Amino acid sequence: MFRPATADELGRLVRPLIAARLFTDEAEVRAAHVADPWRVLVAGRDVAVCDRWRDHLGLLAVEALWCAEPRVAEHVRGLIDLAHERGYDALLSPPVPEADTAPYEAAGMHVIETASSWWRPLARRPVPVEDGPPGMTVRMGGPADIPAVAAADGACFEPFWRYDLRHLDRLAGTQRLAVAESGGGVVGYTLSTVDRGHAQLGRLGVVPAWRHKGVGRALLDDATRAARARGAVRLTLCTQVDNAAARALYGSAGFEESDVRFAFLRSD
């Protein structure tokens, strides 16, 4: 049975929690433990990390579950109980490879979304700069852009995927934020990271009125050039398997879909 980690146990977990990108640094780990001790849980050597999925949804997300496969179902049942005890509507799994969903389903969860992963090598030759729509520019974003980016994000994504201000503020502080702008308004944006030669595009959104005009490709090319400039040799991303427009964009930009798909499961 999971219980909140003690201060000593948390100290031993700081490095792996940061390495897994669950927290930015030790200060954030310690602050989270003080504010919500139940977010980092232990049971022997097993560990679970939880947080609210989105502030506008009543879902408690399992951000990480580190344990042997035979104990997954038991731990998930306990986390479902925790979600209800904390006043959440349901528990949301971490992204789980499709082949590994059985223990979650045995615990009473069901698949609600499936995402596929895509990748492309970053060749040495420069990515050409192509003109986007007239009057549209791509630039680096900053803290002052967060409200406008949040508004654009709300127009881009359905409630399950939509970011709230808390998440956007945190992500923009740890990732490269680029915004597509026209007439002083944000019409799209990206979030991306580079770590030890590996780049990841964590977000690409274009508001509906500006889709199919080259904004998405301009943002994607900008993120690709930035990753190459920072020494990345490979760029990866994930998108929903039913997002035909995104899949077409990534395929046209030289990305290949991997064989691995990830499922998000929700408790009943």
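Data block above holds the structure.
Quantities reported herein were computed from a predicted structural model and do not represent experimental measurements.

1. A word on the packing of helix α7 (residues 215–229) against helix α8 (residues 244–252)
Move 1: Where α7 meets α8, the closest approach of the two axes is 11 Å, and the angle between their N-to-C directions is 50 degrees. Judged by the angle between their axes, α7 and α8 are oblique. Where α7 crosses over α8, the handedness of that crossing is right-handed. Seen from α7, the contacting residues are G216, R217 and L220; seen from α8, they are L249, Y250 and S252.
Move 2: When its residues are assigned to classes, the contact of α7 with α8 shows three nonpolar, two polar and one charged.

2. As for unusual backbone geometry
Move 1: Residues other than glycine seldom take positive phi values, yet R196 does so here, at roughly 50 degrees.
Move 2: Note that R196 resides in the loop between β10 (185–195) and β11 (198–206).
Move 3: Taking the relative accessible area as the measure of exposure, R196 reaches 77% and is therefore exposed.
Move 4: A positive phi angle, close to 65 degrees, is found at H212, a residue other than glycine.
Move 5: On the secondary structure map, H212 appears in the loop between β11 and α7.

3. Comments concerning the packing of aromatic side chains
Note on aromatic pairs: each is described by the distance of the centres and the angle between the planes.
Move 1: What the rule picks out here adds up to eight aromatic pairs.
Move 2: Relative to W161, the ring of F160 lies with its centre 4.9 Å away and its plane at 85 degrees, an arrangement referred to as edge-to-face.
Move 3: With a relative accessible area of 11%, F160 lands in the buried category.
Move 4: With a centroid separation of 6.3 Å and an interplanar angle of 80 degrees, the aromatic rings of F160 and F264 are classed as edge-to-face. Separated by 104 residues along the polypeptide, F160 in the loop between α5 (146–156) and α6 (165–174) and F264 in strand β13 (residues 256–267) bring together distant segments of the chain. As far as burial versus exposure is concerned, F160 and F264 are alike and both buried.
Move 5: The structure contains a cluster of three or more aromatic residues connected by ring pairs, namely W53, F160, W161 and F264.
Move 6: In this structure, R120 packs its charged tip against the face of F255, placed 6.0 Å from the ring centre.

4. Thoughts on the environment of R247
Move 1: Among the structural elements, R247 can be located in helix α8.
Move 2: Considering only alpha carbons, one finds R247 and D46, 201 residues apart in sequence, at a separation of 36 Å.
Move 3: The residues contacting R247, other than those within four sequence positions of it, are S116, W118, T239, Q240, V241, E257 and R261.
Move 4: One polar contact links R247 to S116, side chain to side chain, over a distance of 3.4 Å.

5. A few points about the nonpolar core
Move 1: Residues W53 and Y250 are the most contacted members of the largest nonpolar core, which totals 48 residues.
Move 2: Per-element accounting of this core gives the leading share, six residues, to α7.
Move 3: Among all residues touching W53, those that are not within four sequence positions of it are L59, A61, L92, F160, W161, H167 and F264.
Move 4: Counting 24 residues, the second largest nonpolar core, distinct from the first, contains L41, L60, V72 and Y104.

6. Focus on the pattern of salt bridges
One side chain can pair with another of opposite charge once the charged atoms of both are near each other.
Move 1: Inspection of the entire model under this criterion finds 17 salt bridges.
Move 2: A salt bridge links D195 to R21; the shortest N-O distance between them is 3.5 Å. With a gap of 174 residues between them, D195 in strand β10 and R21 in the loop between α1 (7–19) and α2 (26–35) connect regions that are remote in the sequence.
Move 3: Residue classification places D195 among the partly exposed residues on the basis of a relative accessible area of 30%.

7. A look at the environment of Q200
Move 1: Along the chain, Q200 turns up in strand β11.
Move 2: As a C-alpha pair, Q200 and H75 span 125 residues in sequence and 30 Å in three-dimensional space.
Move 3: Not counting residues up to four positions away in its chain, the partners in contact with Q200 are L191, S192, T193, L235 and T236.

8. Some thoughts on the pairing of strand β3 (residues 46–52)
Move 1: Here β3 lies mainly inside the structure; six of its seven residues are buried.
Move 2: As paired elements, strand β2 (residues 40–43) and β3 share four bridges and run antiparallel to each other. Of the residues in β3, the one forming a bridge with V42 is V47.
Move 3: Hairpin remark: β2 followed by β3, antiparallel, with two residues in the connecting loop; positive phi at G44, about 65 degrees.
Move 4: Direction of pairing for β3 relative to strand β4 (residues 59–66): antiparallel, over a ladder of six bridges. In the sheet register, R52 faces β4, and the bridge partner there is L60.
Move 5: From the end of β3 to the start of β4, which pair antiparallel, there are six residues.

What counts and how
- Residues numbered from 1 in each chain as written.
- Predicted model: local features only at pLDDT ≥ 70, side-chain atom pairs only at ≥ 80, totals over all residues.
- Heavy atoms only, no water.
- Axes fitted to C-alpha atoms, helices over the stretch in contact; angles between N-to-C directions.
- Helix = DSSP H or I, 4+ residues; strand = E, 2+ residues; numbered from the N terminus.
- Parallel < 35°, antiparallel > 145°, perpendicular 65-115°, else oblique.
- Left-handed = near helix turned anticlockwise from the far one by under 90°.
- Contact = heavy atoms within 4.5 Å.
- Nonpolar A, V, L, I, M, F, W, Y, C, P; charged D, E, K, R; others polar.
- Buried < 20%, exposed > 50% of the residue type's maximum accessible area, 1.4 Å probe, protein only.
- Phe/Tyr/Trp six-rings, centres within 6.5 Å; stacked < 30°, edge-to-face > 60°.
- Lys NZ or Arg CZ within 6 Å of the ring centre and 35° of its normal.
- Polar contact = N/O pair within 3.5 Å; in protein donor to acceptor, adjacent residues only side chain to side chain.
- Core = buried A, V, L, I, M, F, W, Y, C linked by side-chain atoms within 4.5 Å.
- Salt bridge = Lys/Arg side-chain N within 4 Å of Asp/Glu carboxyl O.
- Pairing = 2+ DSSP bridges.

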